[in-house]
Amino acid sequence: RVVNVVSAGMFASKLHLPTIEKGLDRGACEAERDSYSGLNLYSQHHRARVMLTDHYADQLAAAGVRCNSVHPGWVDTPGLAGAKDMEGFYRMIGGALRDDDEGADTIVWLAACPGLRETGKYFFDRSARKKHKCLAGTKSPREDLERLVKVCEAGWGGG
(Lines give C-alpha, C1' and ligand atoms only; values in the text may rest on other atoms or scores of the structure.)
Protein backbone atom coordinates (compact mmCIF):
# COMPACT_ATOMS: atom_id res chain seq x y z
CA ARG A 1 0.00 0.00 0.00
CA VAL A 2 0.93 3.59 -0.62
CA VAL A 3 -0.48 6.15 1.81
CA ASN A 4 0.39 9.68 0.77
CA VAL A 5 -0.17 12.18 3.59
CA VAL A 6 -1.34 15.48 2.15
CA SER A 7 -2.98 18.65 3.34
CA ALA A 8 -6.40 20.13 2.72
CA GLY A 9 -4.33 23.16 1.76
CA MET A 10 -4.60 21.70 -1.73
CA PHE A 11 -8.14 23.06 -1.94
CA ALA A 12 -6.69 26.56 -2.21
CA SER A 13 -5.43 26.15 -5.76
CA LYS A 14 -5.43 24.38 -9.07
CA LEU A 15 -2.18 22.80 -10.18
CA HIS A 16 0.01 25.37 -11.92
CA LEU A 17 2.77 23.49 -13.75
CA PRO A 18 5.10 26.48 -14.19
CA THR A 19 5.20 26.83 -10.40
CA ILE A 20 6.15 23.17 -9.98
CA GLU A 21 8.73 23.36 -12.77
CA LYS A 22 10.23 26.53 -11.32
CA GLY A 23 10.60 24.75 -7.99
CA LEU A 24 13.10 22.39 -9.60
CA ASP A 25 15.29 25.31 -10.68
CA ARG A 26 17.13 26.82 -7.71
CA GLY A 27 18.23 29.85 -9.75
CA ALA A 28 14.66 30.67 -10.74
CA CYS A 29 13.53 30.34 -7.12
CA GLU A 30 16.28 32.66 -5.89
CA ALA A 31 15.49 35.24 -8.59
CA GLU A 32 11.86 35.47 -7.46
CA ARG A 33 12.47 35.49 -3.72
CA ASP A 34 10.51 38.74 -3.26
CA SER A 35 7.32 37.27 -4.73
CA TYR A 36 7.63 33.97 -2.85
CA SER A 37 4.35 32.74 -1.38
CA GLY A 38 4.75 29.89 1.05
CA LEU A 39 1.01 29.24 1.13
CA ASN A 40 0.72 29.10 -2.65
CA LEU A 41 3.66 26.73 -3.01
CA TYR A 42 2.36 24.58 -0.15
CA SER A 43 -1.03 24.33 -1.84
CA GLN A 44 0.55 23.53 -5.22
CA HIS A 45 2.76 20.85 -3.69
CA HIS A 46 -0.15 19.05 -2.03
CA ARG A 47 -2.41 19.32 -5.09
CA ALA A 48 0.39 17.77 -7.17
CA ARG A 49 0.86 14.94 -4.66
CA VAL A 50 -2.84 14.02 -4.77
CA MET A 51 -2.71 13.98 -8.57
CA LEU A 52 0.42 11.80 -8.53
CA THR A 53 -1.23 9.43 -6.04
CA ASP A 54 -4.12 9.04 -8.49
CA HIS A 55 -1.67 8.40 -11.33
CA TYR A 56 0.15 5.67 -9.44
CA ALA A 57 -3.12 4.16 -8.26
CA ASP A 58 -3.96 3.61 -11.94
CA GLN A 59 -0.47 2.39 -12.78
CA LEU A 60 -0.25 -0.11 -9.91
CA ALA A 61 -3.85 -1.35 -9.72
CA ALA A 62 -3.20 -4.50 -11.76
CA ALA A 63 -0.44 -5.47 -9.31
CA GLY A 64 -2.89 -5.12 -6.41
CA VAL A 65 -1.13 -2.08 -4.92
CA ARG A 66 -3.53 0.37 -3.32
CA CYS A 67 -2.51 4.05 -3.49
CA ASN A 68 -4.50 6.62 -1.57
CA SER A 69 -3.96 10.09 -0.19
CA VAL A 70 -5.10 11.24 3.23
CA HIS A 71 -5.52 14.52 5.05
CA PRO A 72 -4.84 13.92 8.77
CA GLY A 73 -6.80 16.98 9.84
CA TRP A 74 -5.18 20.07 11.27
CA VAL A 75 -2.63 18.68 13.72
CA ASP A 76 -0.79 20.78 16.29
CA THR A 77 2.78 20.38 15.05
CA PRO A 78 5.87 22.57 15.49
CA GLY A 79 5.77 23.22 11.73
CA LEU A 80 2.27 24.66 11.88
CA ALA A 81 2.93 26.55 15.12
CA GLY A 82 6.03 28.18 13.60
CA ALA A 83 4.72 28.88 10.08
CA LYS A 84 4.76 32.64 9.61
CA ASP A 85 2.09 32.49 6.88
CA MET A 86 -0.20 30.57 9.24
CA GLU A 87 0.06 32.74 12.37
CA GLY A 88 -3.50 34.04 12.18
CA PHE A 89 -4.93 30.59 11.47
CA TYR A 90 -2.97 29.10 14.37
CA ARG A 91 -4.14 31.78 16.81
CA MET A 92 -7.75 31.37 15.69
CA ILE A 93 -7.99 27.56 15.69
CA GLY A 94 -5.07 26.51 17.92
CA GLY A 95 -7.23 25.06 20.70
CA ALA A 96 -9.19 22.87 18.28
CA LEU A 97 -6.18 21.28 16.58
CA ARG A 98 -5.72 17.52 16.70
CA ASP A 99 -3.03 15.77 18.68
CA ASP A 100 -0.57 13.33 17.09
CA ASP A 101 -2.71 10.24 17.73
CA GLU A 102 -5.81 11.85 16.21
CA GLY A 103 -3.81 12.96 13.18
CA ALA A 104 -2.33 9.48 12.70
CA ASP A 105 -5.62 7.58 12.96
CA THR A 106 -6.70 7.50 9.30
CA ILE A 107 -3.10 7.17 8.10
CA VAL A 108 -2.58 4.01 10.14
CA TRP A 109 -6.04 2.72 9.25
CA LEU A 110 -5.31 3.08 5.52
CA ALA A 111 -1.96 1.32 5.91
CA ALA A 112 -3.26 -1.59 7.97
CA CYS A 113 -7.00 -2.03 7.31
CA PRO A 114 -7.62 -5.62 6.21
CA GLY A 115 -9.63 -5.89 3.03
CA LEU A 116 -9.17 -2.30 1.89
CA ARG A 117 -10.16 -2.22 -1.78
CA GLU A 118 -10.17 1.51 -2.46
CA THR A 119 -7.41 3.00 -4.54
CA GLY A 120 -6.96 6.46 -5.98
CA LYS A 121 -9.09 8.01 -3.24
CA TYR A 122 -8.60 11.01 -0.95
CA PHE A 123 -9.46 10.20 2.67
CA PHE A 124 -10.29 12.25 5.73
CA ASP A 125 -11.49 10.69 9.00
CA ARG A 126 -11.60 7.18 7.49
CA SER A 127 -13.93 8.24 4.69
CA ALA A 128 -13.26 8.89 1.01
CA ARG A 129 -13.91 12.54 0.23
CA LYS A 130 -14.07 14.75 -2.84
CA LYS A 131 -10.74 15.99 -4.17
CA HIS A 132 -12.24 19.23 -5.46
CA LYS A 133 -14.72 21.62 -3.92
CA CYS A 134 -17.74 22.59 -6.00
CA LEU A 135 -17.04 25.50 -8.37
CA ALA A 136 -13.51 25.95 -6.94
CA GLY A 137 -11.82 25.52 -10.32
CA THR A 138 -9.15 23.17 -8.96
CA LYS A 139 -9.61 20.29 -11.41
CA SER A 140 -6.83 19.98 -13.98
CA PRO A 141 -7.01 18.43 -17.44
CA ARG A 142 -5.42 15.01 -18.02
CA GLU A 143 -2.61 16.68 -19.99
CA ASP A 144 -1.49 18.53 -16.84
CA LEU A 145 -1.16 15.24 -14.96
CA GLU A 146 0.84 13.71 -17.81
CA ARG A 147 3.15 16.73 -17.86
CA LEU A 148 3.49 16.64 -14.05
CA VAL A 149 4.57 12.98 -14.20
CA LYS A 150 7.19 13.84 -16.84
CA VAL A 151 8.46 16.80 -14.80
CA CYS A 152 8.78 14.63 -11.68
CA GLU A 153 10.48 11.78 -13.49
CA ALA A 154 12.94 14.17 -15.11
CA GLY A 155 13.54 15.94 -11.78
CA TRP A 156 14.60 12.80 -9.96
CA GLY A 157 16.13 11.01 -12.93
CA GLY A 158 13.56 8.22 -13.09
CA GLY A 159 12.24 8.92 -16.60
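Heads up: these notes are all about the structure in this document.

What counts and how
- Residues numbered from 1 in each chain as written.
- Predicted model: local features only at pLDDT ≥ 70, side-chain atom pairs only at ≥ 80, totals over all residues.
- Heavy atoms only, no water.
- Helix = DSSP H or I, 4+ residues; strand = E, 2+ residues; numbered from the N terminus.
- Buried < 20%, exposed > 50% of the residue type's maximum accessible area, 1.4 Å probe, protein only.
- Contact = heavy atoms within 4.5 Å.
- Areas by Shrake-Rupley, 256 points an atom, 1.4 Å probe, with all protein chains shown as cover.
- Pairing = 2+ DSSP bridges.
- Axes fitted to C-alpha atoms, helices over the stretch in contact; angles between N-to-C directions.
- Phe/Tyr/Trp six-rings, centres within 6.5 Å; stacked < 30°, edge-to-face > 60°.
- Core = buried A, V, L, I, M, F, W, Y, C linked by side-chain atoms within 4.5 Å.

1. Focus on the overall build of the protein
A tally of helices and strands in the protein yields seven helices and four strands. Moving toward the C terminus, one meets the helices and strands of the protein in the order β-α-α-α-β-α-α-α-β-β-α. Counting over 159 residues, the protein shows a buried share of 34%. Of the contacts made within the protein by residues no fewer than 6 positions apart, 77% connect residues no fewer than 24 positions apart. For the protein, the accessible area works out to roughly 9700 Å², and carbon and sulfur atoms hold 54% of it.

2. Quick notes on the sheet that holds strand β1 (residues 2-5)
Taken in spatial order, the four strands make up an open sheet running β1-β2-β3-β4, and their pairing is mixed. Because the sheet does not close on itself, it has two edges, and the strands there are β1 and β4 (127-129). Looking at each pair of strands side by side, their axes are set apart by 40 degrees on average, direction ignored. Relative to strand β3 (residues 122-124), strand β2 (residues 67-70) runs parallel, the two sharing two bridges. Bridge assignment links S69 to a residue of β3, and that residue is Y122. Seen against the sheet, helix α3 (residues 38-60) touches β1, β2 and β3 and runs at an angle of roughly 160 degrees to β2. The sheet contacts of helix α6 (residues 100-112) involve β1, β2 and β3, and relative to β2 the element is tilted by about 170 degrees.

3. As for the packing of aromatic side chains
Under the defined criterion, the tally for this structure stands at two aromatic pairs. Between the aromatic rings of F11 and Y122, the centroid separation amounts to 5.8 Å while the plane-to-plane angle is 85 degrees, which identifies the pairing as edge-to-face. Of this pair, F11 sits in the loop between β1 and α1 (17-23) while Y122 is found in strand β3, placing the two residues 111 residues apart along the sequence. Look at Y122 and you get buried, because its relative accessible area is 2%.

4. Examining the nonpolar core
Core analysis: the largest hydrophobic core is formed by 10 residues, namely L15, L17, I20, A48, M51, L52, L145, L148, V149 and V151. The element contributing the most residues to this core is helix α7 (residues 142-156), with four residues. With near-sequence residues (within four places) excluded, A48 lies in contact with L15, I20 and L148. Of all hydrophobic cores here, the second largest spans six residues; its members include V6, A8, F11 and V50.

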